[in-house]
Each structure stands twice: as structure tokens, then as C-alpha cells.
Amino acid sequence: MRLGIDTGSGEAPFEQVRRQVAELAAAGTLPAGHKLPTVRALAADLGLAVNTVAKAYRALEADGVIETRGRNGTFIAVRHAADDATDDAARAFVLQARRQGLSRDEAIRLLETHWG
């Protein structure tokens, strides 16, 4: 797993970790069942505080991207059928936003407004 932290980015390091793992899982680069490094190991690899990586892992678990199996470790979660409905809803949102002439940034801001 190749993650990188851009220290010059306005994006918080924990969010960079969360986003990259989520993107790799969504793309299938990290398949369901793939074992992730421990929080301590990933923090050491990236030069981050343990709490920063732990925060990213908690967010990924809350989003259903990863699952923790106690002492066995942390793994990419298996996608469930409900995810297909989410994909369909996202596709419909993008199509509607494009029909209304929204830019990608405008559509993302709208989504973030409702994300809460």
C-alpha cells in the first residue's frame, strides 16, 4: 500500500490518509479482506502521530470502508449490496448536477453542505 502525505496541502494529514485508503478500496487496488498495516506501523511509515492515523482509521470504519477484527487486525471491508444503491444515487446526482450546469467544485460543495 503506497500512501503519501503532502505537507504543503491544505488537507489535514488524517483526511489525506482517509481519502487515499478509501480511493484505493473503491478502485479495488486494496481488495476486500486486504489486511492494513497497524496504526503504529502506518504512522511510522508516513511520519505521522499515531493519533492522526487512528483518527483516519476510525473515520474509515465509520464509513464502512474498513473493519477492525480485534487483535487480528484491520481489513478492507467487504462491499455490501447497499453500496450499489449508493453508487446509483451518486451517478444520478452527478448527472443532475451536470444538467444544471454545476461545476465539479460546486457539486462537491453542495454535497458537503448536506453531509453535515
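Small disclaimer: the values here were computed from a predicted structure and weren't measured.

> Help me understand the overall build of the chain, please; the structure alone is not making it clear to me.
Across its full length, the chain carries 5 helices and 3 strands. Reading the chain from its N end, one meets helices and strands in the order α-β-α-α-β-β-α-α. If one aligns the C-alpha atoms of the chain with their principal axes, the spans along those axes are about 45 × 35 × 25 Å. The proportion of buried residues among the 116 residues of the chain is 24%. Counting every atom, the chain has about 8,000 Å² of accessible surface; 52% of that belongs to carbon and sulfur.

> Help me understand the packing of aromatic side chains in this model?
Where two aromatic rings form a pair, the distance of their centres and the angle of their planes describe that pair. In total, this model carries 0 aromatic pairs according to the counting rule given. A cation sits over an aromatic face here: K55 above F14, 4.1 Å from the ring centre. Between the NZ or CZ atom of R69 and the centre of the ring of F75, over which it lies, the distance is 3.9 Å.

> Before we go on, may I ask you to explain the layout of surface pockets in this structure?
Gaps left between atoms are located by rolling a probe of water-molecule size over the structure's atoms. The calculated volume of the largest pocket comes to roughly 1,600 Å³. Contributing to the lining of the largest pocket are 34 residues, with T86, D87, A90, L111 and W115 lying nearest its centre. Of all the elements in the fold, those that place two or more residues in the lining of the largest pocket are α1 (13-27), α4 (82-99) and α5 (104-115). Top contributing element to the lining of the largest pocket by residue count: α4, with 8 residues. A class-by-class count of the residues in the lining of the largest pocket yields 19 nonpolar, 5 polar and 10 charged.

What counts, and at which threshold
- Residues numbered from 1 in each chain as written.
- Predicted model: local features only at pLDDT ≥ 70, side-chain atom pairs only at ≥ 80, totals over all residues.
- Heavy atoms only, no water.
- Helix = DSSP H or I, 4+ residues; strand = E, 2+ residues; numbered from the N terminus.
- Buried < 20%, exposed > 50% of the residue type's maximum accessible area, 1.4 Å probe, protein only.
- Areas by Shrake-Rupley, 256 points an atom, 1.4 Å probe, with all protein chains shown as cover.
- Phe/Tyr/Trp six-rings, centres within 6.5 Å; stacked < 30°, edge-to-face > 60°.
- Lys NZ or Arg CZ within 6 Å of the ring centre and 35° of its normal.
- 1 Å grid on protein atoms, 1.4 Å probe; cavity = no way out; pocket = protein on both sides within 12 Å on 5 of 7 lines; lining within 4 Å.
- Points joined across faces, edges and corners; volume = space filled by probe spheres on them.
- Nonpolar A, V, L, I, M, F, W, Y, C, P; charged D, E, K, R; others polar.

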